[in-house]
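Results of the structural survey
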Amino acid sequence: MKRILCLLLFVSIASSLQAQQLFYSAELVFNDGTVKKGLANSVLETHKRIKFKTSEKGEIEYFEHTSLKRVTYFDSKGSHVFDRLSRYTTIKSNSLIHDEWFQLIQPGYVSIYLYYTRMGSTSGTAGFKEYFAFKEGEPGGRLVSLVASVNSNATFKRYAPIYFSDYPELCAKIKNKELTYVDLLKAVDEYNSWHASKNN
């Protein structure tokens, strides 16, 4: 029994180590504008730095997360863009948390990014998808929607009207549930179109 447990532990550790060594086709954009193309670890699977190599047999280089501005990964489904950005601690706060990775979902005057959150407990690990809105010219993004296993519309209904408060008609649609959390991108499109028409 002890041998089986030891073997299972070894397999678990080996699998974990192997997962950490995975490389993906990627393009790295550094703070100074330098661009490197090759293979890299996922920024979501590493802590402070990622491994990079120009080819499968290339020499491994290490880059600090803080030296990077954007990392784009490529696979059969297309490209996946991750930007290192700042976010406000709450919808109304002026306090910022810096140097976190967000996945670009939809660009625009207001862009939507996805932030992955995991919370561990004795019963397992729960995952949440937090959607942040980043407005051009602002130093950080604000949470406008949180998708979990239950009550996913609550955050959107509460926070989105605050974020889009300068467009009352859109806020009314959100409060009346004409637009819910599944319509986030549609709501942002409507806001961006309204903003563009107002400034023409």
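Everything below is about the structure shown above.
Quick look at the structure, then.

Take the overall build of the protein next. From N to C terminus, the protein includes four helices and 10 strands. Roughly 12,300 Å² of accessible area belongs to the protein as shown, and the carbon and sulfur atoms make up 53% of that amount.

Further remarks concern the pairing of strand 5 (residues 68–75). Bridging between strand 1 (residues 24–30) and strand 5 involves five bridges; their strand directions are antiparallel. Pairing of L28 across the sheet is with V71, part of strand 5. Summarising the sheet, strand 5 and strand 6 (residues 78–88) pair through six bridges and their orientation is antiparallel. Along strand 6, the bridge assignment pairs T72 with V81.

To continue, consider the packing of helix 2 (residues 153–163) against helix 3 (residues 168–175). Viewed as axis vectors pointing N to C, helix 2 and helix 3 meet at an angle of 170°, and their least axial separation amounts to 9 Å. Classified by the interaxial angle, the pair formed by helix 2 and helix 3 is roughly antiparallel. Between helix 2 and helix 3, the residues in contact are F156, K157, A160 and P161 and C171, I174 and K175, respectively. A per-class count over the contact of helix 2 with helix 3 returns five nonpolar, no polar and two charged.

We now examine the nonpolar core. Note on soluble globular proteins: their nonpolar side chains tend to be buried together. By size, the foremost hydrophobic cluster in this structure holds 30 residues, and its most contacted members are I112, Y163, F164, L170, I174, L184 and Y191. Of all elements in the fold, only strand 7 (96–106), strand 8 (110–121), strand 9 (124–135), strand 10 (142–147), helix 2, helix 3 and helix 4 (184–198) reach the threshold of two or more residues within this core. Formed by 13 residues, the second largest nonpolar core is a distinct cluster that contains F52, F63, L68 and F82.

A few words now on unusual backbone geometry. Although it is not a glycine, D99 sits at a positive phi angle of roughly 60°. Accessibility expressed as a relative area gives 43% for D99, which makes it partly exposed. In this model, K177 sits at a positive phi of 65°, which is unusual for a non-glycine residue. Structurally, the position occupied by K177 is in the loop between helix 3 and helix 4.

Under the defined criterion, the tally for this structure stands at five salt bridges. Residues D99 and R84 are paired through a salt bridge, measuring 2.2 Å at the closest nitrogen-oxygen approach. Residue D99 is located in strand 7, and its partner R84 is located in strand 6; the two are separated by 15 residues in the primary sequence. Note that R87 and E100 form a salt bridge whose closest N and O atoms lie 2.4 Å from each other. Here R87 is found in strand 6, whereas its partner E100 is found in strand 7, with 13 residues between them in sequence. For R87, a relative accessible area of 14% translates into the label buried.

Scanning the entire structure with this criterion turns up 15 aromatic pairs. With centroids separated by 5.1 Å and ring planes inclined at 35°, the aromatic side chains of F102 and Y115 adopt a geometry described as tilted. Placement of the pair is F102 in strand 7 and Y115 in strand 8, with a sequence separation of 13 residues. Take F102 and Y115: they sit in the same class, and that class is buried. Relative to F132, the ring of F102 has its centre 5.4 Å away and its plane inclined at 75°; by these criteria the two rings are edge-to-face. Taken as a pair, F102 in strand 7 and F132 in strand 9 lie far apart in primary sequence, 30 residues in all. Here the aromatic cluster, defined as three or more aromatic residues joined through ring pairs, consists of F102, Y113, Y115, F132 and F134.

Thresholds, definitions, all that
- Residues numbered from 1 in each chain as written.
- Predicted model: local features only at pLDDT ≥ 70, side-chain atom pairs only at ≥ 80, totals over all residues.
- Heavy atoms only, no water.
- Helix = DSSP H or I, 4+ residues; strand = E, 2+ residues; numbered from the N terminus.
- Areas by Shrake-Rupley, 256 points an atom, 1.4 Å probe, with all protein chains shown as cover.
- Pairing = 2+ DSSP bridges.
- Axes fitted to C-alpha atoms, helices over the stretch in contact; angles between N-to-C directions.
- Parallel < 35°, antiparallel > 145°, perpendicular 65-115°, else oblique.
- Contact = heavy atoms within 4.5 Å.
- Nonpolar A, V, L, I, M, F, W, Y, C, P; charged D, E, K, R; others polar.
- Core = buried A, V, L, I, M, F, W, Y, C linked by side-chain atoms within 4.5 Å.
- Buried < 20%, exposed > 50% of the residue type's maximum accessible area, 1.4 Å probe, protein only.
- Salt bridge = Lys/Arg side-chain N within 4 Å of Asp/Glu carboxyl O.
- Phe/Tyr/Trp six-rings, centres within 6.5 Å; stacked < 30°, edge-to-face > 60°.

Coordinates in, geometry out; function isn't part of it.
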